[in-house]
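# Close look at the chain arrangement
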Amino acid sequence: MNMDNPKKFSAVILGGGIAGISAALELARLGQEVALVEKTPFFGGRAANFCCKATDACQKCGACLVDDRLKALFQESRITLLSHAELTGCSRENGLFHLVVKQQPEVINPEGCVDCGLCYEECPAADKGAILTTAVTQNHPRYAVNPGACLYFLDGSCQVCQQICPPTARAIDLARPAKTLELTAKALVVATGYRPSDPACRPHYGYGRLPHVVAGYELEEMLRNGTGPGGPGAEVPRRIGFIQCVGSRDQEHPYCSQVCCAYTLRLARLLKHRWPEAEVTSFYMDLQETGRQSPQFQAEARREVKMVRALPGDLHATPDGRVKIRFMEEDSGQPAAADFDLLVLSVGIGPGDDNPALAALLQASLTPDGFFQAADPDHRTQTSQPGLFLAGTAEGPRDIAGCISQATAAARQVSQYVKES
Amino acid sequence: MTIARQLDIILAHGPELSAGGLDYYKLGLWAAGQPNSRILSLNPALPPEELERRLRAFLHGDQPHTVLVAALDPHHRARHILRLLTEVMQVNPELISVVDLQEALGSPDPQACSITAHHLIGVNASMITRAQPITTQELPVTSRVLVWGDSFAALKAAVDLADLGYPVIQAYPGPALSPLLPGAAPAQPFGAELQDLIARVQSHSAIQLLPQTHMAEALESAGNFRVRLQTPEGVREEKVGAMILAPELSLEPREAAAGAASHPRILTQSQLEDLLAAPEEAALLIPEADSRLRVAFLGGDSHPLALARTLSSARPLLARDNVQVMLFIRDAKVGAPGMEAALGQAQSSGLIVFKLPQLPTLTLADDRPRLAFFDPVMHEAESLACDLVVRDEVYRPAADNAALAEVLHLFPGPGGFLQGDNVRFLPVITNRRGVYVVGAGRGLMDLDQARAETDAAVNEVQQLLGRGTTIAPKGRSVVDRGRCVLCLTCHRVCPHGAVTWDNRAIINELACQGCGVCASQCPNDAIQIRNFTDDQVVAALETLDPRLTPRIIAFMCKNSAWEAYHAAIKLAPVNLPLGFTPLKMPCAGKIDIDYILKAFTYGADGVLVLACHQDNCKSQEGNLHAQWRVERAREMLADAGVDPRRLVFKTLAANTPQDFLAAVASLAEVLGGLKAA
Ligand SMILES: Cc1cc2nc3c(=O)[nH]c(=O)nc-3n(C[C@H](O)[C@H](O)[C@H](O)COP(=O)(O)OP(=O)(O)OC[C@H]3O[C@@H](n4cnc5c(N)ncnc54)[C@H](O)[C@@H]3O)c2cc1C
Ligand code: SF4
Ligand code: SF4
Ligand code: SF4
Ligand code: SF4
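Since this is a predicted model, take the numbers as computed values, not measurements.

Attention now goes to the nonpolar core. Membership of the largest hydrophobic core comes to 92 residues, with the highest contact counts inside it found for I13, F242 and I243 of chain A. In terms of residue count, helix α10 (residues 400–420) of chain A provides more of this core than any other element does, nine residues in total. Each of domain 1 (8–104 + 178–193 + 352–420) and domain 3 (198–349) of chain A gives at least three residues to this core. Discounting chain neighbours no more than four positions away, the residues touching I13 of chain A are G20, A23, A24, L27, V34, A35, L36, V37, V189 and A191 of chain A. Counting 79 residues, the second-largest nonpolar core is a separate cluster that includes A153, V168, M215 and V407 of chain B.

Put into structure tokens, the structure is as follows:
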């Protein structure tokens with residue numbers, strides 16, 4: 001692409017999660033040329049790694065919609081996909097956005113790569129993130145060299161992957177340069193998503209310290225990829241606990257994340273369905289009715305899952321390697337204790353890491369909680385800057401369904417704005 | 001394989017296929033040796049002009065071509081080739097078969113690798129060379145749109161559509177437009193936006209208002225519905241191209257104990273709001289400088305929007321020094337923007353919140369309401385006299401939603417709302433093309449969400465109705481009028497309301513979504529879904545190579561199991577049984593009982609019927625039909641002396657590759673056991 005001749009788009013969308021993908025697909029359907037800029041090498045965002053929570057019937061978690069939309073994304077010719085790319089410059093002239101996007105070198109050539117994973121296996125710095133990989137198979141290649149951690153890029157000391165890649169594939173060329181692209185766009189959509197709250201934000205829950213304590217997103221990924229708990233070779237946990245509102249509704253996060261109740265109950269029911277003999281408990285503050293749950297959902301969940309209204313105060317390891325929780329029993333008002341083979345911290349939705357820098361670049365503002373500030377509570381796809389739109393969790397907590405409808409609406413507003421401008 | 005007509009095979013590969021252990025040179029030779037076929041080896045990494053030149057040289061001549069593209073991960077790797085074929089070479093997409101050779105690469109030895117590749121190409125070749133092109137047709141549609149209800153979303157939809165030039169009929173149950181602002185007092189004056197919307201609806205020349213209207217009947221389908229509307233002036237019939245449903249919610253007070261309801265100190269939330277709006281009256285019940293007064297709110301915990309209402313009327317009371325305000329709830333519904341902060345603020349200005357598993361019982365004592373409950377914190381029974389008790393109100397879906405859903409043949413939604421409870425319908429579609437549900441029709445939501453859904457539905461209407469004509473497939477689902485005996489089974493089972501009739505069944509191809517449920521249920525085999533026809537499936541079954549064992553035929557819904565299968569073979573090399581035969585179906589509802597039985601006749605050792613999870617089927621019931629047929633087929637197999645364990649029904653989602661592998665493995669194990677026995 002030529003620097004003097006910037007590529008023109010009706011709209012550029014930042015963030016290739018479910019919100020960004022939905023916005024891009026709807027804009028393409030409305031006949032607009034769009035570019036989708038994704039920071040990581042892979043599309044799909046957080047929810048692409050989540051598991052199906054169907055028991056005998058679908059539990060309406062929406063995770064499979066991400067796969068569905070991803071497939072459509074890769075088949076849509078009106079969308080220019082820029083992966084492993086980040087916005088580094090933005091200015092506006094007569095309303096038109098002039099964007100500078102830096103794209104990491106495409107070290108692995110998609111035409112050659114067969115996703116064999118040899119490069120990843122042999123890379124001496126893979127554990128430091130030198131080669132990134134995804135289990136979301138809609139992406140190809142599923143491996144990407146990360147110049148930020150790759151030894152070749154750091155000091156030229158390694159070329160193992162290039163040598164190990166099968167001679168017939170010869171997909172790796174470490175010398176490939178990074179690209180700086182110039183784009184113009186009439187409208188910009190910020191769909192850069194969220195960061196799950198830090199499961200260690202409440203140190204007494206022992207994340208990283210106690211055995212068998214995992215974060216909600218880790219359980220989702222383990223279940224999706226069949227890597228436990230109870231996976232091949234692993235022991236089936238008998239006593240499973242969830243602690244809700246980790247990184248929500250506290251001093252640092254004075255808001256409800258709006259997804260944790262629902263995913264906790266769905267995961268709990270899924271585990272109960274898989275292992276009917278298991279005992280599943282959830283510690284909660286208040287159960288939220290978000291999205292469009294059927295009235296039976298919570299009643300059924302309460303039948304299968306023991307719901308305890310208490311936030312546990314004291315957790316420690318037992319001699320046999322389990323986790324003991326002390327809490328106040330609601331009914332009796334007495335202190336109680338229980339042991340768990342698996343404890344899941346239901347973390348919430350925190351603002352994206354890049355929000356401050358991105359907001360500065362776009363001259364947009366953030367809410368006190370750190371999300372992108374919408375024009376007003378009744379217009380959450382719009383900002384005070386004409387032409388700058390928001391979609392998905394970049395604006396605040398919402399579930400997959402909420403992301404899809406908001407992104408679809410953003411697409412409509414973008415296309416109207418583009419037509420009028 | 002049985003290649004029915006000239007087939008142009010494109011083997012799209014760079015050297016990478018050999019990297020996986022597949023000898024593509026030999027594969028090319030093998031393919032070239034098949035009757036009726038030609039072969040082109042093409043490296044997809046070539047420059048686009050070169051790809052185009054080679055494709056042109058290969059696909060010369062004017063006759064329509066049938067093309068099979070075999071590649072590793074073709075939708076990524078061969079995407080330029082596929083795009084050139086459809087967009088430049090004008091090959092009908094229905095005459096292109098795309099074969100992913102990935103499964104072959106999972107095989108451990110080169111021999112198995114190429115046998116699997118032959119098998120995959122063979123199965124697909126026999127199907128695609130029996131395919132017929134599906135073309136498109138331009139159909140006239142009515143551009144008038146029916147907007148149902150007078151909620152915010154309905155008003156907004158009417159104005160947006162009218163502004164776009166679509167004439168609108170807006171029908172609603174009451175005598176006047178009376179939208180309800182969720183989270184606000186019903187009697188509160190409308191804000192500027194809503195006032196403006198109402199004024200525009202009332203004055204817009206393209207919007208016709210029909211008050212006090214009910215839907216009596218809805219005939220025909222997308223693009224040209226005929227609806228019969230019951231109005232005070234009598235029944236009128238209107239032709240509309242699409243409908244947006246957003247009937248307003250209603251408010252229902254919590255049930256009160258007998259006698260308590262009429263006491264002047266026991267109010268509903270609405271009554272309190274009215275009272276607060278009239279200071280003189282309020283002063284009678286809650287005098288300014290009296291001794292301490294106690295006000296208790298019961299509930300307000302059904303939804304964040306209900307809590308928002310409670311908190312906004314608690315606020316002026318909390319501002320008074322002499323009033324103690326209590327809130328009794330089961331759960332603090334703070335799952336909406338700003339609500340956690342709003343509750344926190346109310347608490348810091350004095351609101352006392354009791355969270356109880358059961359709300360207090362309300363009685364009267366000394367002409368004062370009294371609340372009895374068990375305090376979980378103090379761990380004792382409490383009884384409190386109050387000066388005022390406020391019963392919460394719950395938002396309910398419009399009462400006649402069920403009737404409306406029945407008239408429109410919609411699958412009912414959760415909790416009395418209109419859109420079926422199936423994530424495939426997100427955000428606003430329904431099982432019937434041309435019928436969209438938004439805002440208050442879908443659930444209880446704030447204005448932002450209602451607005452977003454309205455935007456989404458207006459997009460859909462624009463896509464469907466365009467400027468008076470629309471594009472529909474032609475020849476995808478066809479009734480053989482010679483065979484149809486007008487039993488109307490198809491009309492009854494079609495999940496999308498696409499079948500009508502004259503003296504034979506007629507499928508409306510705009511409304512039809514090609515699921516094939518009708519075709520599989522028709523007792524006379526009078527319906528064929530083009531490119532999933534019975535003879536295509538039989539031809540695929542005929543290619544079963546007896547040397548490949550165990551022979552497992554997997555009939556897979558393309559929306560779920562087919563994707564899970566692809567995810568599984570891409571995730572890691574997997575060694576599926578050599579005779580594994582993947583067959584893609586438009587919906588599990590198209591898996592005929594005949595297919596299952598024929599699969600066994602043609603030598604299958606086992607059959608997998610893989611559908612979407614219950615409530616996740618795009619056609620809602622396709623998976624159920626498949627399950628029922630499998631149950632019946634099992635009985636028939638047992639009667640015929642075939643062990644019914646050879647036939648397995650399982651539901652999957654696109655993102656469950658592990659479940660797919662487990663299903664294949666467990667059937668293979670059963671078959672292994674049966675063989676040993
Ligand atoms: C543990 C857990 C479980 C959940 N389970 C469910 C569930 O079952 N059902 C449900 O509906 N919801 C669930 N959710 C919520 C769900 O994850 C979100 O609603 C959804 O993923 C949000 O999508 P998004 O596109 O807004 O953001 P993301 O998924 O975060 O996608 C944002 C994308 O933008 C990219 N990006 C970030 N910064 C930049 C930048 N500067 N430039 C370019 N790209 C950038 C990211 O790499 C990412 O790909 C769950 C959340 C958690 C934490
Ligand atoms: S449970 Fe979730 S992922 Fe599974 S089918 Fe239902 S919506 Fe899809
Ligand atoms: S080694 Fe080569 S072919 Fe294998 S995944 Fe890495 S880049 Fe792709
Ligand atoms: S089911 Fe078959 S025979 Fe019966 S009406 Fe429909 S097409 Fe005709
Ligand atoms: S194919 Fe499906 S949608 Fe079409 S008419 Fe038959 S049952 Fe209805």
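Let's pick the thread back up.
Let us now look at the domain arrangement of chain B. Residues and elements named next belong to chain B. Along its sequence, chain B is organised into domain 1 (1–134), domain 2 (145–249 + 397–469), domain 3 (252–393), domain 4 (475–515) and domain 5 (544–677). Taking only C-alpha atoms, the centre of domain 1 and the centre of domain 5 are 26 Å apart. On the side of domain 5, 17 residues touch domain 1, which itself brings 14 residues to the contact. Where domain 1 abuts domain 5, roughly 1200 Å² becomes buried across the two surfaces, and 65% of that area is made up of carbon and sulfur atoms. Looking at the side of domain 1 facing domain 5, the largest losses of area belong to Q102, E103 and H119, adding up to 43% of the total buried there. Our count for the domain 1 to domain 5 interface comes out at one salt bridge. A salt bridge links K570 to D73, with the nearest nitrogen and oxygen atoms 3.5 Å apart. Of all the elements in the fold, those that place two or more residues in the side of domain 1 that touches domain 5 are α6 (102–105) and α7 (110–128). At seven residues, α7 tops the list of elements feeding residues into the side of domain 1 that touches domain 5.

Bringing the sheet that holds strand β11 (residues 239–246) of chain A into the picture now. Residue and element names in this part refer to chain A. Spatial strand order, β10-β17-β11-β12-β13: five strands in an open sheet with parallel pairing. Edge strands, defined here as strands with exactly one partner in the open sheet, are β10 (213–215) and β13 (306–309). Across the sheet, the mean angle separating the axes of adjacent strands is 20° when strand polarity is ignored. Sheet topology places β11 next to strand β17 (residues 342–347); five bridges connect them, and they run parallel. Bridge assignment links F242 to a residue of β17, and that residue is V344.

The environment of ligand 5 is formed by 13 residues, the closest being C494, C512, C515, G516 and C518 of chain B. For the shell around ligand 5, the per-class residue count stands at nine nonpolar, four polar and no charged.

Turning our attention to the site of ligand 1. All names here are of chain A. The environment of ligand 1 is formed by 31 residues, the closest being E38, Y194, T393, R398 and I400. The contact in question runs from an oxygen atom of ligand 1 to an N or O atom on the backbone of T192, over 3.5 Å. Residue R398 places a main-chain N or O atom 2.7 Å away from an oxygen atom belonging to ligand 1. Secondary structure elements with two or more residues in the shell around ligand 1: α1 (18–29), α6 (216–225) and α10. In terms of residue count, the dominant contributor to the shell around ligand 1 is α6 (three residues). Here the shell around ligand 1 is built from residues that sort into 13 nonpolar, 10 polar and eight charged.

This part covers the packing of helix α20 (residues 593–601) of chain B against helix α21 (residues 622–639) of chain B. Residue and element names in this part refer to chain B. For the pair α20 and α21, interaxial distance at closest approach is 9 Å and the crossing angle is 40°. Taken together, the axes of α20 and α21 are oblique relative to one another. Judged by the sense of rotation from one axis to the other, the crossing of α20 with α21 is right-handed. For the pair α20 and α21, contact is made by I593, I596, L597 and F600 and by R629, V630, R632, A633, M636 and L637, respectively.

To continue, consider the domain arrangement of chain A. The domain architecture assigned to chain A consists of domain 1 (8–104 + 178–193 + 352–420), domain 2 (112–170) and domain 3 (198–349). Relative to domain 3 of chain A, the C-alpha centre of domain 2 of chain A lies at a distance of 36 Å.

In this structure the tally under the stated criterion is 58 salt bridges over all chains. R451 of chain B is the partner of E193 of chain B in a salt bridge, and the nearest nitrogen-oxygen pair spans 2.7 Å. Of this pair, E193 of chain B sits in helix α9 (residues 192–203) while R451 of chain B is found in helix α15 (residues 447–465), placing the two residues 258 residues apart along the sequence. Since its relative accessible area comes to 30%, E193 of chain B is described here as partly exposed. Salt bridges sharing partners connect three or more residues here, namely R249, D286, R302 and R309 of chain A together with D331, E340 and K355 of chain B.

What follows covers α1 of chain A. Residue and element names in this part refer to chain A. The end-to-end C-alpha separation of α1 is 16 Å, in line with the 16 Å expected for 12 residues at 1.5 Å each. Counting buried residues along α1, 11 of its 12 residues qualify, which places the element largely inside the surrounding structure. Every buried residue of α1 is listed here: I18, A19, G20, I21, S22, A23, A24, L25, E26, L27 and A28. Downstream of α1 by one or two residues, G31 has phi in the positive range, about 90°.

Our focus in this paragraph is the interface of chain A and chain B. Contacts between the two partners involve 75 residues from chain A and, on the opposite side, 74 residues from chain B. Interface of chain A and chain B: buried area, both sides summed, is about 6100 Å²; carbon and sulfur atoms make up 48% of it. Considering only the surface of chain A that becomes buried against chain B, E111, R292 and R412 of chain A emerge as the three largest contributors, covering 14% of it. For the pair chain A and chain B, the number of links is 12 salt bridges. Between D421 of chain B and K60 of chain A there is a salt bridge whose closest N-O contact spans 3.5 Å. Our count for the contact surface shared by chain A and chain B stands at 30 residue pairs in polar contact (both at pLDDT 80 or more). Residue assignment for the side of chain A that touches chain B shows that the elements contributing at least two residues are α1, α2 (63–75), α6, α8 (295–304) and α10 of chain A.

It is worth spelling out the sheet that holds strand β4 (residues 96–100) of chain B at this point. Residue and element names in this part refer to chain B. Pairing is parallel in the open sheet, where four strands are placed in the order β2-β1-β3-β4. Looking along the sheet, the strands with just one partner apiece sit at the ends: β2 (37–42) and β4. Strand-to-strand, the axes of this sheet are offset by a mean angle of 20°, without reference to chain direction. Lying over the sheet, helix α2 (residues 24–32) contacts β1 (7–12) and β2, oriented at roughly 160° with respect to β2. The strands touched by helix α5 (residues 79–88) within the sheet are β1, β2, β3 (67–71) and β4, with β4 carrying the most contacts at an inclination of about 175°.

Cut-offs applied
- Residues numbered from 1 in each chain as written.
- Chains lettered and ligands numbered in written order.
- Predicted model: local features only at pLDDT ≥ 70, side-chain atom pairs only at ≥ 80, totals over all residues.
- Heavy atoms only, no water.
- Core = buried A, V, L, I, M, F, W, Y, C linked by side-chain atoms within 4.5 Å.
- Buried < 20%, exposed > 50% of the residue type's maximum accessible area, 1.4 Å probe, protein only.
- Helix = DSSP H or I, 4+ residues; strand = E, 2+ residues; numbered from the N terminus.
- Domains from an automatic or database assignment.
- Contact = heavy atoms within 4.5 Å.
- Buried area = accessible area lost by both parts, 1.4 Å probe.
- Salt bridge = Lys/Arg side-chain N within 4 Å of Asp/Glu carboxyl O.
- Pairing = 2+ DSSP bridges.
- Axes fitted to C-alpha atoms, helices over the stretch in contact; angles between N-to-C directions.
- Near = heavy atom within 4 Å.
- Nonpolar A, V, L, I, M, F, W, Y, C, P; charged D, E, K, R; others polar.
- Polar contact = N/O pair within 3.5 Å; in protein donor to acceptor, adjacent residues only side chain to side chain.
- Parallel < 35°, antiparallel > 145°, perpendicular 65-115°, else oblique.
- Left-handed = near helix turned anticlockwise from the far one by under 90°.
- Expected span 1.5 Å × (residues − 1).

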